[in-house]
Amino acid sequence: GESDGVDEKERHDGDEALREKKNKYFMSSVSASSLQHMLNKYGGTVDSAFETINRRLEIDPNNPVLWADLGNTHRIMAENKEAAECFAKALRIMKHPELYQLLGTCLVVTERTEEAIGIFKQGMETFPGDPASTFSLALVYLQLEQWHDAIVVLENINRHLAAARRRPAEPKMDEQSPLEP
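Residues numbered from 1 in each chain as written. Predicted model: local features only at pLDDT ≥ 70, side-chain atom pairs only at ≥ 80, totals over all residues. Heavy atoms only, no water.

1. Some remarks on the overall build of the chain
From N to C terminus, the chain includes 9 helices and 0 strands. A total of 181 residues make up the chain; the buried ones form 34% of that total. Pairs at least 24 residues apart make up 44% of the contacts formed inside the chain by residues separated by at least 6 positions. (Helix = DSSP H or I, 4+ residues; strand = E, 2+ residues; numbered from the N terminus. Buried < 20%, exposed > 50% of the residue type's maximum accessible area, 1.4 Å probe, protein only. Contact = heavy atoms within 4.5 Å.)

Structure (structure tokens):
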């Protein structure tokens, strides 16, 4: 009777709290305005985005932008497993540092940590100048309390930054001496 309703409500509240926690984690990794901008391309709502993107994918199944947008739409709904599948499809079509970042993050959230580490390492190897995968890998190691691995990754970032600072900067237009006739 009555206690079943209470149990069901508690279970629902627990599910809501977990969903809210996942949403908060995801929203911190992508700005709300960029997600809204993405939704606006497809009618402004999650439902219209799912409908429009899926219709377009039927016509253009090898469009990595559509797959990434579908992944981000799943992220908004905290459907991280589905989001990961979309980002993996986009990544098979086109290599891009943001796709490694998005896929790795979804894998971490769905507790596929070893796969996430592999994806972040691939991102680092494919795009050595992009720090996102490197920082993400360091964060995963920190969460796993693998201090040595985290330090090695962070020291590598520091070496890259120091090397970049030592390179002479390109002169700005207004700093170049005028050509004399």
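2. Observations regarding the nonpolar core
Counting 39 residues, the largest nonpolar core has Ile53, Leu70, Phe87, Leu103 and Leu137 as its most contacted members. Leave out the neighbours within four places in its chain, and Phe87 touches Ala68, Gly71, Asn72, Arg75, Leu99, Leu102, Leu103 and Cys106. (Core = buried A, V, L, I, M, F, W, Y, C linked by side-chain atoms within 4.5 Å.)

3. Quick word on the pattern of salt bridges
Following the criterion strictly, the structure yields 4 salt bridges and no others. Note that Lys41 is salt-bridged to Asp69, the shortest N-O span being 2.9 Å. Taken together, the residues span a long stretch of sequence, with Lys41 in the loop between α2 (32-40) and α3 (46-59) and Asp69 in helix α4 (residues 64-76) at a distance of 28 residues. The class for Asp69 is buried, based on a relative accessible area of 7%. Glu51 is the partner of Arg55 in a salt bridge, and the nearest nitrogen-oxygen pair spans 3.2 Å. Here Glu51 and Arg55 lie together in helix α3, a separation of 4 residues that amounts to about one turn. For Arg55, a relative accessible area of 43% corresponds to the partly exposed category. Here Glu51 falls in the exposed class, since its relative accessible area comes to 53%. (Salt bridge = Lys/Arg side-chain N within 4 Å of Asp/Glu carboxyl O.)

4. Points about helix α9 (residues 147-166)
The terminal C-alpha atoms of α9 lie 29 Å apart, and with 20 residues this matches the ideal 28 Å at 1.5 Å per residue to within 8%. All of the buried residues in α9 are Ala150, Val153 and Ile157. For α9, the angular spread of buried residues about the axis comes to 75°, placing them on one side. Opposite the buried face of α9, by more than 90 degrees, sit the exposed residues His148, Arg159 and Arg166. For α9, the elements touching its buried residues are α8 (131-143). (Expected span 1.5 Å × (residues − 1). Arc of directions from axis to C-beta.)

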